[in-house]
Amino acid sequence: MGLKKILLNYFDDDRQINLIALQTSFFGLVLALLYVSKFHKIELIIIMTGLLMNSVMLSFNSSQYHPVQRINYGLITSIASGIVYGIGCFAANNIWLSTLCILIILPWVIFSNQSHGLIAGLFLYTFEGFILGSGMPANDLNTIIRYSLSYTFGGSLIVFSGIIRLFVLEKAGLNSNQKSIINNLPYLEINIHKVAYNIIMIFTVMLCNYISIHYHLTNGYWLPLTAFLIIKSNHALSISRITLRIIGTLIGGGVALACCLLIHSQLIFALMIFPVFYLTVIAVSRHYGSFTALITLSVLLIIALMRNETIYKIEYRVIYTLFAVLIVMLFLYILKFILTKTSVAFNKLY
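Everything numeric in this text was worked out from a predicted model, so none of it was measured. (Residues numbered from 1 in each chain as written. Predicted model: local features only at pLDDT ≥ 70, side-chain atom pairs only at ≥ 80, totals over all residues. Heavy atoms only, no water.)

1. Quick notes on the packing of aromatic side chains
Tallied over the full model, the rule gives eight aromatic pairs. Note on F203 and F331: the rings are 5.2 Å apart at their centroids and 70° apart in plane angle, and the pair reads as edge-to-face. Residue F203 is located in helix α8 (residues 195-214), and its partner F331 is located in helix α13 (residues 310-349); the two are separated by 128 residues in the primary sequence. Residue classification places F203 among the partly exposed residues on the basis of a relative accessible area of 41%. Residue class for F331 comes out buried when judged on its relative accessible area of 18%. Each residue in the set F127, F130 and F228 is aromatic and connected to the rest through ring pairs, giving one cluster. If you follow R241 out to its NZ or CZ, it ends over the ring of Y288, 3.7 Å from the centre. (Phe/Tyr/Trp six-rings, centres within 6.5 Å; stacked < 30°, edge-to-face > 60°. Helix = DSSP H or I, 4+ residues; strand = E, 2+ residues; numbered from the N terminus. Buried < 20%, exposed > 50% of the residue type's maximum accessible area, 1.4 Å probe, protein only. Lys NZ or Arg CZ within 6 Å of the ring centre and 35° of its normal.)

Here it is in structure tokens:
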């Protein structure tokens, strides 16, 4: 019982989420085996990425929702994130265009209603699709469309497999999930207390994006992605998130580095996709630190399949995460200082 309680702190035991995780790991394994066997196509890697991201979205704080709701939002997310993935590919090397896209897309994430887990996940993972797309720059229209459709297809895989799963369970009389569909929750939430932190998020993401493009950093998209993921609507939560992000990235990067030094077979890396994808999906709604470690390991395993200087990219992942953390912490403490001084001045007036 003690071990089970410990594991439940890090991994979700919800049946639906575990089924999503199993489907994700199965499809991820099939795609990885296809890639290492004969089809060395970058589109397969993009499909794997879209699959994993949409599965994470469906599992993130969504056990309270009806399965049909999850599927509907999952389909919308796969389409929306696929579109912005292509936009990210096109805008990747253009500072002004990518900044404009950030200013258009990011406010939807910032002002989404966090009480509505699915709508918040939709906006969050759509913006994440844009950032990931910027890591695959392309100028040719046909290439951009291929990449965009690949990312959409990856996200749709888990959605359509979910439709089949629900149909089979219903026919077999095994669908015991009686959760009602949740309606009438507002999609957006404008809260004046969050505005300052939201401004900091926009500014730091744009600054990290500028540094990434201006200095032509390899895999520099990890800078704005890290800044985006760790800033929350209050100082204490953001600092906690930063701590877990650093620890998780170091652990995930360390495990990935050990794997790259000890393992030299693409087939073994492909087989590792199954357990790592599974654990990543069931960790997302339980513990941010364990999820960060596992998503880092998942991404680096995908890179390892391509034999594309994986060790150096592990170093980039860790260095860029730490660099983005330093930028975020600097502005968070500046913001805290300003808010403290403002509060003191306000109290003196009244």
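Text resumes after the structure shown.
2. A closer look at the state of the cysteines
Applying the stated rule across the entire model yields zero disulfides. C260 takes part in no disulfide bond, and the closest cysteine sulfur to it belongs to C259, at a distance of 6.8 Å. What makes C260 buried here is its relative accessible area of 12%. (Disulfide = S-S within 2.5 Å.)

3. Considerations on the nonpolar core
Among the nonpolar cores identified, the biggest contains 102 residues, and M48, L106, F127, F130, F228, F269 and L305 are the most heavily contacted of them. Counting residues per element, this core draws most heavily on helix α12 (residues 288-305), which supplies 12 residues. If sequence neighbours within four positions are ignored, L305 has contacts with A32, Y35, V36, I45, M48, Q266, F269 and A270. (Core = buried A, V, L, I, M, F, W, Y, C linked by side-chain atoms within 4.5 Å. Contact = heavy atoms within 4.5 Å.)

4. A few points about helix α6 (residues 117-134)
The α-helix winds at 3.6 residues per turn, so residues separated by three or four positions along the chain end up facing the same way. Under the 1.5 Å per step criterion, the end-to-end length of α6 is 26 Å for 18 residues, consistent within 8% with the ideal 26 Å. Burial within α6 is extensive, with 18 of its 18 residues counted as buried. (Expected span 1.5 Å × (residues − 1).)

5. A short note on the layout of surface pockets
Its volume calculated, the second largest pocket comes out at about 270 Å³. Surrounding the second largest pocket, 16 residues form its lining, A92, N93, S134, S212 and L217 being those nearest its centre. The element contributing the most residues to the lining of the second largest pocket is α8, with three residues. For the lining of the second largest pocket, a count of residues per class yields six nonpolar, 10 polar and no charged. (1 Å grid on protein atoms, 1.4 Å probe; cavity = no way out; pocket = protein on both sides within 12 Å on 5 of 7 lines; lining within 4 Å. Points joined across faces, edges and corners; volume = space filled by probe spheres on them. Nonpolar A, V, L, I, M, F, W, Y, C, P; charged D, E, K, R; others polar.)

6. Focus: the side chain of T321
Counting through the fold element by element, T321 comes out in helix α13. The class for T321 is buried, based on a relative accessible area of 2%. Excluding anything up to four places from it in sequence, T321 contacts T226, R245, T249 and Y316.

7. Here's the deal with the side chain of R245
Summarising the element assignment, R245 is placed in helix α10 (residues 235-262). Despite its burial, R245 remains without a salt bridge, the nearest opposite charge being carried by E128 at 7.2 Å. Of the polar contacts made by the side chain of R245, one reaches the side chain of Y288; its length is 2.9 Å. Leave out the neighbours within four places in its chain, and R245 touches T226, L229, I230, Y288, T292, R317 and T321. (Lys, Arg positive; Asp, Glu negative; His and termini not counted. Salt bridge = Lys/Arg side-chain N within 4 Å of Asp/Glu carboxyl O. Polar contact = N/O pair within 3.5 Å; in protein donor to acceptor, adjacent residues only side chain to side chain.)

8. As for the pattern of salt bridges
On inspection of all chains with the given rule, the structure shows three salt bridges. Between R286 and D12 there is a salt bridge, with its nearest N and O atoms 3.9 Å apart. Remark: D12 occurs in the loop between α1 (2-10) and α2 (15-37) and R286 occurs in the loop between α11 (266-283) and α12; sequence separation between them is 274 residues. Since its relative accessible area comes to 36%, R286 is described here as partly exposed. Given a relative accessible area of 7%, D12 falls into the buried group. Between R146 and E43 there is a salt bridge; the shortest N-O distance is 2.8 Å. Of this pair, R146 sits in helix α7 (residues 141-171) while E43 sits in helix α3 (residues 42-59); the two residues are 103 residues apart in sequence, bridging distant segments of the chain. What makes E43 buried here is its relative accessible area of 15%. Beyond isolated ion pairs, a larger network of salt bridges with shared partners links D12, D13 and R286.

From the geometry alone we can't say anything about function, so treat these as descriptive.
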